[in-house]
Amino acid sequence: MKKALKITGWTLLTIILLGFGFGIYKYQTDDMLRAMINQDESKLSYGPLKEIISLKDFDFEEYKLEVNDSINIYTYLFKPSIKSIGNIFYIHGSGGNAAYWSQLYKPLIDEGYTVYAADWRGYGKSNGSPNYKGVLEDTETAFRDFLYKTKNDSLKNIVYGMSLGGQLAIKITKDNQKNVDALVLDGAFESAQKIAIDYAPFEFLKNRARKHPENFNQLYVGTRDIRDIQDIPKLIIHSTNDLQVSISHGENLFKNAKEPKEFWKTNTSHIMTLKDKPKEAIEKINRLIR
């Protein structure tokens, strides 16, 4: 009996030690898990791409904007070959960069929209490293430049945000309602806290995220900020097949938004509406500014 208990004890100790060792190994080798435990926003939320793909098929102008003494960002103004019918301030998501997503802008440009796209710090040619406060500052700087460059026309302005950029699109629209005529969101986050809950691999991390919203960015929270947008038409797009951002994010944004609003459920991959359903997307966007 004593021998059996001894063997059981050693077996349990071995399992505990192996589990502890595996936990240390995962912490040391899994960047995402380590970022979740340490709440490192720079690793959790951003995947900047420095490489700039060729834009030779586009008519565009590139600008370098000074955000502060240490940060410069690059922005791009894509021009249609026909008379412009509207201006779009396009905010990309957490991955890639402004040039990388240019094929998503193409249907808009071909339709006659002038598209202004910006890279946050750390993305493309922009220097620095992204963080919640910094990407908001970069987006605000770019939006001021967008307004300056389009001030002499009488065209309507659309703010278009995809994925993580959706939260920023809501914030920009909320803060500039006199200068925004429509808001489009595609696969947008409802909040950084909700994304952390969705992606946390262990229940203790999910519970920590649920109980402590103060641990997450509070400068812009999609479901909170969208309530304050008055009288601006909103098109909220989210795919039932989105494996990166649950459709519940889009549903909650729509629920909190004031009229006029439309919720368009698609069946594409994450943020691929303009690629996979360009004709339908253009028709809906056109209706927003008529």
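That block above? That's the structure.
Keep in mind that what you see is a predicted model, and the values were worked out from it rather than measured.

**Student:** I'd like a description of the overall build of the chain, backed by residues and values.
**Tutor:** Each helix and strand counted, the chain has 12 helices and 10 strands in total. Taking all 290 residues of the chain together, the buried fraction comes to 51%. Taking all contacts inside the chain whose residues are at least 6 apart in sequence as the whole, residues at least 24 apart take part in 72%. Surface exposure of the chain reaches about 14,500 Å², of which carbon and sulfur atoms provide 53%.

**Student:** Account for the side chain of Asp242, naming residues and giving values.
**Tutor:** You can see Asp242 is positioned in the loop between strand S9 (234-239) and helix H10 (247-256). There is no salt bridge for the buried Asp242, and the closest opposite charge comes from Lys194, which lies 11 Å off by N-O distance. At a separation of 2.9 Å, a polar atom in the side chain of Asp242 contacts the main-chain amide nitrogen of Val245. A polar contact of 2.7 Å, which involves the side chain of Asp242, links it to the side chain of His270. Not counting residues within four places of it along the chain, the set of residues in contact with Asp242 comprises Gly187, Thr268 and His270.

**Student:** Give a detailed account of the sheet that holds strand S7 (residues 157-162), specifying residues and quantitative values.
**Tutor:** Pairing within the open sheet is mixed, and its eight strands lie in the order S2-S3-S6-S4-S7-S8-S9-S10. Edge positions in the open sheet fall to strand S2 (59-66) and strand S10 (261-266), since each of these has one partner strand only. Across this sheet, the average inter-strand angle for adjacent strands is 20°, counted without regard to direction. Bridge count for strand S4 (residues 86-91) against strand S6 (residues 113-118) is five bridges, and the pairing is parallel.

**Student:** Pulling in residues and values, what's your account of the packing of helix H7 (residues 192-199) against helix H8 (residues 203-211)?
**Tutor:** Packed helices, taken two at a time, are described by the angle their axes make and the gap between the axes. Orientation of H7 relative to H8, taken along the N-to-C sense of each, is 165°, at an axis distance of 8 Å. Classified by the interaxial angle, the pair formed by H7 and H8 is roughly antiparallel. For the pair H7 and H8, the sense of crossing is left-handed. Across from Gln193, Ala196, Ile197 and Asp198 in H7, the residues of H8 making contact are Lys206, Ala209 and Arg210. Tallied by class, residues from the contact of H7 with H8 come to three nonpolar, one polar and three charged.

**Student:** With reference to specific residues and values, describe the packing of helix H4 (residues 102-111) against helix H12 (residues 278-288).
**Tutor:** Interaxial distance between H4 and H12 falls to 10 Å at its minimum, and their mutual angle equals 55°. Relative to H12, the element H4 lies oblique. Note that H4 runs across H12; the crossing there is right-handed. Across the interface between the two elements, Pro107, Leu108 and Glu111 of H4 pack against Pro278, Ile282, Ile285 and Asn286 of H12. Split by residue class, the contact of H4 with H12 holds five nonpolar, one polar and one charged.

**Student:** An account of the environment of Ala192 is needed here, citing residue identities and associated values.
**Tutor:** By the secondary structure assignment, Ala192 is in helix H7. On a C-alpha basis, the gap between Ala192 and Tyr132 in space is 9.6 Å, while along the polypeptide they are 60 residues apart.

**Student:** Can you lay out H10 for me, pointing to particular residues and giving the numbers?
**Tutor:** Note on helix geometry: an α-helix contains 3.6 residues per turn, so any two residues three or four positions apart are oriented the same way. Along H10, the residues classified as buried are Ile247, Ser248, His249, Gly250, Leu253 and Asn256. Of the surrounding secondary structure, the elements contacted by the buried residues of H10 are helix H6 (164-175), strand S8 (182-186), H7, helix H9 (222-225), S9 and S10.

**Student:** How would you sum up the pairing of S8? Please name residues and give values.
**Tutor:** Extensive coverage of S8 is indicated by the burial of five of its five residues. Alternating positions in S8 separate into two faces, Ala182, Val184 and Asp186 on one and Leu183 and Leu185 on the other, with burial throughout. As paired elements, S7 and S8 share five bridges and run parallel to each other. Counterpart to Tyr160 in the pairing with S8 is Val184.

Thresholds, definitions, all that
Residues numbered from 1 in each chain as written. Predicted model: local features only at pLDDT ≥ 70, side-chain atom pairs only at ≥ 80, totals over all residues. Heavy atoms only, no water. Helix = DSSP H or I, 4+ residues; strand = E, 2+ residues; numbered from the N terminus. Buried < 20%, exposed > 50% of the residue type's maximum accessible area, 1.4 Å probe, protein only. Contact = heavy atoms within 4.5 Å. Areas by Shrake-Rupley, 256 points an atom, 1.4 Å probe, with all protein chains shown as cover. Lys, Arg positive; Asp, Glu negative; His and termini not counted. Salt bridge = Lys/Arg side-chain N within 4 Å of Asp/Glu carboxyl O. Polar contact = N/O pair within 3.5 Å; in protein donor to acceptor, adjacent residues only side chain to side chain. Pairing = 2+ DSSP bridges. Axes fitted to C-alpha atoms, helices over the stretch in contact; angles between N-to-C directions. Parallel < 35°, antiparallel > 145°, perpendicular 65-115°, else oblique. Left-handed = near helix turned anticlockwise from the far one by under 90°. Nonpolar A, V, L, I, M, F, W, Y, C, P; charged D, E, K, R; others polar.

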